[in-house]
Amino acid sequence: MNVLPLYVLADRSGSMAETTGSATAIEVVNTVLRELLARLAKDPTIRRAVRLSVISFAEDARVDLPLTSLSSTTAVPDLEASGPTSFAVVFEATARTVAHDLAALGAAARSPLVFMLTDGRPTAHRDRAAGWYAEHQALLASAGPGRRVLLVPYGYGRVDPRTLASIAADPSAAYLAGRSDSPAQAIERFAELVFGSVARSVAMDSEQVVPPPGTVRPYVEDY
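Note that the structure is a prediction, hence the values are computed from the model and not measured.

## A word on unusual backbone geometry
No. 1: Phi is positive for Asp 205, close to 60°, though the residue is something other than glycine.
No. 2: With respect to the element layout, Asp 205 can be found in the segment after α7 (183-204).
No. 3: The exposed category is assigned to Asp 205, whose relative accessible area is 56%.

This is the structure:
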């Protein structure tokens, strides 16, 4: 069975420290990531096929979980929220990580799935000064000849719908939480997006995106 590399890009900028109900958004992210990992590892077919990496970002980007096999012991360190948001740094770091990982996996690797969770727009000095287009294009090309990077952004809160739509590798595969969703509900929908897409991709042996109920596409004009 060919390996499906899965990357989760998690926003840990300062806005994620805001309280949502009884917890902050970043605390919800930490809980949801743990539950998502456990759910992925519980399915024997997914466990055999998928390798997972988690990369968090704010003004910097950090590989919190290098690409690894799923098991009951797979874990991501708790994320802490601070600082502005940079899309440039996370695209750059993910491109470098994907290229390294696929070279190590060799012919056994399928095209990677990359899911990005964010609640805002790029505010870091680097992004405001030079943008993030070059880093974004480098990420999309990082899988090399014969493979593509399926980058699927998911946003909520103050995220800019047009920016979100421009991030997606496929314009039809960018998603927003519904307006009525709380931050906690939005983050839980992100986990459903990841799990449903991975399960479908493994079953179909091709990259699939399965949005959960309640999400909308950023190019809906009346959002």
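Structure shown, so let's carry the discussion forward.
## Describing α7
Note: α-helices contain 3.6 residues per turn, so residues at a spacing of three or four share the same orientation.
No. 1: If you check α7, its first and last C-alpha atoms are 31 Å apart, about what 22 residues at 1.5 Å a residue would give, namely 32 Å.
No. 2: Residues of α7 that are buried include every one of Ala 184, Ala 186, Ile 187, Phe 190, Ala 191, Leu 193, Val 194, Phe 195, Ser 197, Val 198, Ser 201 and Val 202, and no others.
No. 3: Of the residues flanking the end of α7, it is Asp 205, one or two places downstream, whose phi is positive at about 60°.

## A few points about the UniProt feature "domain: VWFA" (unreviewed entry) in the protein
No. 1: Following the UniProt record, the feature "domain: VWFA" (unreviewed entry) maps to residues 5-194 here.
No. 2: For residues 5-194, the end-to-end C-alpha separation is 13 Å, with 41% helix and 22% strand making up the annotated structure.

## Examining the nonpolar core
No. 1: Counting residues in hydrophobic clusters, the biggest one holds 45 residues, and the most contacted among them are Leu 6, Val 29, Val 50 and Val 198.
No. 2: When contributions to this core are tallied by element, the ones reaching two or more residues are β1 (4-11), α1 (25-42), α2 (44-49), β4 (50-57), β6 (113-118), β7 (150-155) and α7.
No. 3: Ile 55, Leu 139, Val 149 and Leu 151 belong to the second-largest nonpolar core, a separate cluster that totals 20 residues.

## Side note on α1
No. 1: End to end, α1 covers 26 Å across 18 residues, agreeing with the expected 26 Å (1.5 Å per residue, within 8%).
No. 2: Those residues of α1 not exposed but buried are Ala 25, Ile 26, Val 28, Val 29, Asn 30, Val 32, Leu 33, Leu 36, Leu 37, Leu 40 and Ala 41.

## Details of the environment of Met 16
No. 1: As for its position among the elements, Met 16 is in the loop between β1 and β2 (19-20).
No. 2: Note: C-alpha distance between Met 16 and Ile 26 (ten residues apart in sequence) is 5.2 Å.
No. 3: Those residues in contact with Met 16 that lie beyond four places of it in its chain are Asp 11, Thr 24, Ala 25, Ile 26, Val 29, Ala 81, Asp 119 and Tyr 156.

## A word on the packing of α1 against α7
Helix-helix packing is described using two parameters, namely the angle between the two axes and the distance between the axes.
No. 1: Running from N to C, α1 and α7 cross one another at 25°; their axes reach a closest spacing of 10 Å. Compared by their axis directions, α1 and α7 come out roughly parallel. Considering the relative orientation of α1 and α7, their crossing is right-handed. On α7, the residues touching Ala 25, Val 28, Val 29, Val 32, Leu 36, Arg 39 and Leu 40 of α1 are Ala 184, Ile 187, Glu 188, Ala 191, Glu 192, Val 194, Phe 195 and Val 198.

## Looking at the pattern of salt bridges
No. 1: According to the stated counting rule, one finds ten salt bridges in the structure shown.
No. 2: Arg 34 is the partner of Asp 78 in a salt bridge, and the nearest nitrogen-oxygen pair spans 2.9 Å. Taken together, the positions of Asp 78 in the loop between β5 (61-69) and α3 (87-105) and Arg 34 in helix α1 put the pair 44 residues apart, joining distant regions of the chain.
No. 3: Residue Arg 126 pairs with Glu 92 through a salt bridge whose shortest N-O separation is 3.2 Å.

Definitions and cut-offs
Residues numbered from 1 in each chain as written. Predicted model: local features only at pLDDT ≥ 70, side-chain atom pairs only at ≥ 80, totals over all residues. Heavy atoms only, no water. Helix = DSSP H or I, 4+ residues; strand = E, 2+ residues; numbered from the N terminus. Buried < 20%, exposed > 50% of the residue type's maximum accessible area, 1.4 Å probe, protein only. Expected span 1.5 Å × (residues − 1). UniProt positions renumbered as here; feature names shortened; annotations may be inferred. Core = buried A, V, L, I, M, F, W, Y, C linked by side-chain atoms within 4.5 Å. Contact = heavy atoms within 4.5 Å. Axes fitted to C-alpha atoms, helices over the stretch in contact; angles between N-to-C directions. Parallel < 35°, antiparallel > 145°, perpendicular 65-115°, else oblique. Left-handed = near helix turned anticlockwise from the far one by under 90°. Salt bridge = Lys/Arg side-chain N within 4 Å of Asp/Glu carboxyl O.

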